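Understanding the architecture of this molecule
Here are the chains, one letter per residue:
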Amino acid sequence: MLRSSFLFTSESVSEGHPDKVADQISDAVVDLFLSKDPEARVACETLTTTNRVVLAGEVRGKGMIDKDGNWAPGAQEEIQKVVRETVKRIGYEQDGFHWQNLVFENHLHPQSAHIAQGVDASGNKDEGAGDQGIMFGYATDETPDLMPATLYYSHKILERMAADRHSGKAPFLEPDAKSQVTLSYENEVPVRATALVVSTQHAPGYYAPDGEGGDAAKYATLRDYVLSVFHDVLPKGFITDSTVIHVNPTGRFEIGGPDGDAGVTGRKIIVDTYGGASPHGGGAFSGKDPTKVDRSAAYITRYLAKNIVAAGLARRCTIQLSYAIGVAEPLSVYVDLHGTGTVSEAAIEAVLADKSKLGFALTPRGIRTQLGLNKPIYQRSAAYGHFGRTPDAEGGFSWEKTDLVDRLKAAL
């Protein structure tokens, strides 16, 4: 159980952060394969660096890979197209990283037959988990989206900055950015911001004079803009005279994105989930089709935890599932209500383990069916968090629905 009064911090990174560029490219490849074949298998890793994008991993899917394991006509060209379109959408048209000029390498190859034989359904054998591992889901009543407040506001700050960059309202911003929010909690409730940090890539000259350049007026424009975002995003009264604020504390930040730092898929798993407020099983999400329980089971645990909190059964909830590769049923179900529950953890665990009471099985196929995961819905989740988002008409963020509330209330 958390202390009643404490400080807690979470960070977020923008869509232009090099690791996030890699995540979005990997999920663009997942979406491409699923658009051709809902049963496609994809494990795509992306490396981004100065004017270069490299893909590696294992894939399988009709319309992309033929029965002999060869690329279908035009498939590799389609992959290159979605890669360049992703970089263009983010906004990279810089000398060191440009959607049109970057060198692209594709080292994807057919999925291992040894993995496939353990995962695919056959005869009386249900489809097994794509890997062993542990997955956690979490929900808290700190925000309307039932997310930790520190991460919620960290994401919102960068989402606002990206929207203003794309619209032209803040033309001095470039794609790469990070935010960090520290909140003071009293009686386990966030009440004020003690520290706010933004580091953002910027147009030439928008930094404080340092002897080698910079422009005080331009830097003031940038800083005043970021301060206005802080005040717009955080609740009224959270920012006080005592709040410590840093805007580009290192100074000049003109070289950024993959040109400034190499990016790799799966390096921002805490940003992707709960900002450190919950345990993490260790597996990344992006670049993986939904047979991989690293992804799908993390989504179902968030779905279950969110519905438990939305149902008023607890103010905070953590759920863990575990799996073995090739085995359909989870090995364990664990629930922690952090001392905030109106029912016991054991009672909830019994419901989650009972398909007749829950309404679906916590098997890979049961999860995908319940959440409708065999769709090209993943690239949109690869920046600004996989959780705390709004379900859309195309089936994206289905794990954020609260349509299980009545069933849980009835069962408990």
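Preceding block: the structure.
For clarity, every value in this text was computed on a predicted model and none was experimentally measured. Counting from 1, residues in each chain are numbered in the order their sequence is written. This being a predicted model, a pLDDT of at least 70 is required before a residue's local features are given, and a value of 80 or more before pairs of side-chain atoms are given or counted; all residues contribute to the totals for chains, interfaces and linings. The basis for the side-chain values is all heavy atoms of the structure; hydrogens and waters are excluded.

1. Quick notes on the overall build of the protein chain
- Secondary structure counts use DSSP, requiring at least four H or I residues in a row for a helix and at least two E residues in a row for a strand, with both numbered from the N terminus. When its secondary structure is counted, the protein chain shows 12 helices and 13 strands.
- By its C-alpha atoms, the protein chain is 70 × 60 × 30 Å across when sized along the principal axes.
- Method for areas: the Shrake-Rupley scheme with a 1.4 Å probe, in which residue coverage is limited to the protein chains shown. On the protein chain, roughly 16700 Å² of surface is accessible, and the fraction owed to carbon and sulfur atoms is 50%.
- For the protein chain, the centre of its 42 positive side-chain charges and the centre of its 53 negative side-chain charges are spaced 3 Å apart. Just so you know, the count uses Lys and Arg for positive and Asp and Glu for negative, and it drops His and the chain ends. For charged residues, the charge sits on one atom: NZ in Lys, CZ in Arg, CG in Asp, CD in Glu.

2. With respect to the pattern of salt bridges
- Here, a salt bridge means any Lys or Arg side-chain nitrogen found within 4 Å of an Asp or Glu carboxyl oxygen. Counted according to the given criterion, the structure contains 27 salt bridges.
- Of the charged contacts, one joins R380 and E394 as a salt bridge, the two residues approaching to 3.8 Å between their closest N and O atoms. On the criterion of sequence distance, the pair formed by R380 in the loop between α11 (364-371) and α12 (405-411) and E394 in the loop between α11 and α12 is long-range, its members being 14 residues apart.
- With relative accessibility at 31%, the residue R380 sits in the partly exposed group.
- Only protein chains enter the accessibility calculation, which uses a 1.4 Å probe; a residue is then buried when its area is under 20% of its type maximum, exposed when over 50%, and partly exposed in between. According to the relative accessible area criterion, E394 is exposed, its value standing at 51%.
- When salt bridges that share partners are traced, they join E39, R41, E127, R365 and R368 into one network.

3. Regarding the sheet that holds strand β3 (residues 52-60)
- Paired strands, as defined in this entry, are two strands with at least two bridges between them according to DSSP. In space, the four strands of this open sheet follow the order β6-β3-β2-β11, with mixed pairing throughout. Two strands bound the open sheet, and with one partner strand each, they are β6 (103-110) and β11 (263-264).
- Here nine bridges tie strand β2 (residues 41-49) to β3, and the two strands are oriented antiparallel to one another. Bridge assignment links T46 to a residue of β3, and that residue is L55.
- In this analysis, two residues are considered to be in contact whenever any of their non-hydrogen atoms come within 4.5 Å of each other. Fitting a line to C-alpha atoms yields each axis, with helices limited to the stretch in contact; the angle taken between N-to-C directions then spans 0 to 180 degrees. Each of β2, β3, β6 and β11 touches helix α1 (residues 18-36); the most contacted strand, β2, lies at about 150° to it.
- Helix α2 (residues 75-90) rests against β3 and β6 of the sheet, and its axis sits at about 130° to β6.

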